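# Structure assessment
What follows is each chain in one-letter form.
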Amino acid sequence: MQTSESTIGIVGAGIGGLVAAIALRRAGHDVVVFEQAKQFARVGADINLTPNAVRALDGLGVGDAARVTAARPSHRISRTYDSGEETSRLEMADSAEQRYGAPQLTIHRADLLAALADMFPAERVALGKRAETIAADDNGVTLSFSDGTSARVGALIGADGIHSGVRTAMFGAESPRFTGIVAYRAVVPAERVAGVPNLGAFTKWWGPNPQSQIVTFPLNRGKDIFIFATTPQDTWHLESWTAPGSVDELREQYVAYHPEARALLDACDTVLKTALYERDPMPAWAQGRMALLGDAAHPMLPFMAQGAGMAIEDAVVLSRHLDGVAMASIPAALQAYQTARIERASQVQLGSRGNNWLREGGNADWVYAYDAWAVPLGVPAQGAVAAATA
C-alpha cells in the first residue's frame, strides 16, 4: 500500500479508528488504516451510543446506517438491586432527540463497524499489519510490521486500544491494571422474558457495591435483550471478547438481586466472561507527529457507557483540528486537539471508575449535550469535574 509523508496513518480499525479515518479523509487528508487482524470478524460486545455519540455519527453521515439494526431505548432507569426501587428515570428516544439533537441507540459493535467500513475505501485499510516498531522524527513516522513490511507516514494516530503499541512508542511501556472486576455478557430473545417490565429501556440495577451491577437494554430493534453484569472477582484475569463463562456461576453471583433482574439471568443459555482492565488518566496524548484517541488514550470502565462515545468524540474533534492543516503544522494541531479533549475524557474516565453517575437522578447534559462538531477548537471542554461523580 502506497504511503508518503503526506499521509496520515491510523493504527487500529475499531470504532474510533474508522471514525477518524472517515472524518480525516473528509477533511482533505490522504489516510491509511493499519489493522493487525487479518479480516474483519463479527466479535465484540453490544454497545450503547448515547446522544453525544449519535450526533457525532450523524455529522459523518453514518447515523442512518447505524439506525437500521439499532434499538432506541425509551428511558434510562436506575433501580436498587434488591428492593427494585427506582431511583432515577430519564426519558430517551424522542425526548432525547428533541433535547440533544439525537437519540440513544443500542447496537452490536460489528453492525456499527460495518456501517463505518462502508464509508471508507477498503483499499486504504491494510489488514494483517501488526506494528512491531514505531519510530518518529521531525518529518514523519516509520512503522515496521511483523510481516516484514514497513510504511512511512507524515503523522500517526494511535487508535489501537488499551494495549496500544503507539502509546508505548510515545511514552514507554506500561501495563494496564486489572480492576478485580469481571463482566458477563449475554443476549436473550425478548419474547423469552416478555413478562419483565422495562424491556425497552436501558436499565441499570445498582448492586451492594460499586463493582456489582446488572445492565440491560434492547437490541435488534427490540427483538433481543442484552445483559451486561459485573462483579468483583480475583480469580479470573482473562481479557477476551469470546471466552465462555458459566451460566450457573452468573446466576449465583446475583442471587440477592430482585426477581425481575434474576428473571433475565434465568433466561440465559450461554454467557461470555471477561476481566476488566483500566489505566489512569494521562497527562498528555500528543507528542510530535503522533497522538492517541479512544481506549489508547483513556481506557475506562464501562459504568458510564461512554467508551465508544469518547472514541467517536475524539475522532471528530481530531479531524476538525486537522481540517485544512498542512503537514508541517500537524504537531501544533495535535497539541490543540489534546487541549480540547483531555479534560473531558479524563473526567469521564474517573467518573466511570467511581460508578455513581445518575444513580439517584442528576443532570446528564454535561455528557449527552456535548457536540463534537461545534465545540471550540483548542479549548478545554466546559463542565465541572464534580459532574463526573454526581
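Quick look at the structure, then. Just so it is clear, the structure is predicted and the values come from calculations on it, not from any experiment. (Residues numbered from 1 in each chain as written. Predicted model: local features only at pLDDT ≥ 70, side-chain atom pairs only at ≥ 80, totals over all residues. Heavy atoms only, no water.)

### A look at the packing of helix α1 (residues 15–26) against helix α5 (residues 109–117)
Put simply, the test is: Axis geometry follows a simple rule: fit a line to the C-alpha atoms, using only the stretch in contact for helices, then measure angles between N-to-C directions, giving values from 0 to 180 degrees. Secondary structure elements follow DSSP: runs of H or I of four or more residues count as helices, runs of E of two or more count as strands, with numbering from the N terminus. Working rule for angles: under 35 degrees goes down as roughly parallel, over 145 as roughly antiparallel, 65 to 115 as roughly perpendicular, anything else as oblique. Rotating anticlockwise by less than a right angle from the far helix to the near helix defines a left-handed crossing, while the corresponding clockwise rotation defines a right-handed one. Residues are treated as being in contact if the distance between any of their heavy atoms lies within 4.5 Å. Under the scheme applied here, ten amino acids are nonpolar (Ala, Val, Leu, Ile, Met, Phe, Trp, Tyr, Cys and Pro), four are charged (Asp, Glu, Lys and Arg), and all others, including Gly, are polar.
Between α1 and α5, the least distance of the axes is 10 Å, while the angle of their chain directions is 20 degrees. Regarding the angle of α1 to α5, the classification is roughly parallel. In this structure, the crossing between α1 and α5 has a hand that is left-handed. Taking contact as the criterion, the partners of I15, L18, V19 and I22 in α1 are, on α5, R109, L112, L113, L116 and A117. For the contact of α1 with α5, the class distribution of residues is eight nonpolar, no polar and one charged.

### Section: the pattern of salt bridges
The following threshold applies: Throughout this description, the term salt bridge denotes a Lys or Arg side-chain nitrogen within 4 Å of a carboxyl oxygen of Asp or Glu.
Inspection of every chain in the model, using the stated rule, returns 23 salt bridges. For R167, the salt bridge identified is with E174, shortest N-O distance 3.5 Å. Taken together, the salt bridges that share partners define one network made up of R177, E278, D280 and R353.

### What about helix α10 (residues 330–354)?
Residues that lie three or four places apart on an α-helix share one face, since the helix turns once every 3.6 residues. Quick reminder of the rule: The span you would expect from a helix comes to 1.5 Å times its residue count less one. Bend, at a single residue, is the angle you get between axes fitted to the 7 residues ending at that residue and the 7 residues starting at it.
Compared with the 36 Å implied by 1.5 Å per residue over 25 residues, the 35 Å span of α10 between its first and last C-alpha is a close match. Its axis deflected by about 40 degrees at R341, α10 carries its strongest bend there. N355 sits one or two positions beyond α10 and adopts a positive phi of about 50 degrees.

### Concerning the nonpolar core
To be explicit about the condition: For the purposes of this section, nonpolar cores are sets of buried Ala, Val, Leu, Ile, Met, Phe, Trp, Tyr and Cys residues that join through side-chain atoms within 4.5 Å. Under the scheme applied here, a residue whose accessible area is under 20% of the maximum for its type counts as buried, over 50% as exposed, and between as partly exposed, the area being computed with a 1.4 Å probe on protein chains only.
One finds I10, I15, V19, L49, L112, L116 and L156 to be the most contacted residues of the largest nonpolar core, which totals 77 residues. Excluding residues within four positions of it along the chain, L116 makes contact with I15, L18, V19, I22, L57 and V62. Core analysis: the second largest hydrophobic core is formed by 24 residues, A186, V247, Y257 and C268 among them.

### Focus: the pairing of strand β3 (residues 46–49)
Rules: A pair of strands counts as paired when DSSP detects no fewer than two bridges linking them.
Burial along β3 is two-sided: the face carrying D46 and N48 and the face carrying I47 and L49 are both buried. Relative to strand β6 (residues 105–108), β3 runs antiparallel, the two being bridged by four bridges. Looking across to β6, one finds that N48 is bridged to T106.

What is shown is where atoms sit, not what they do.
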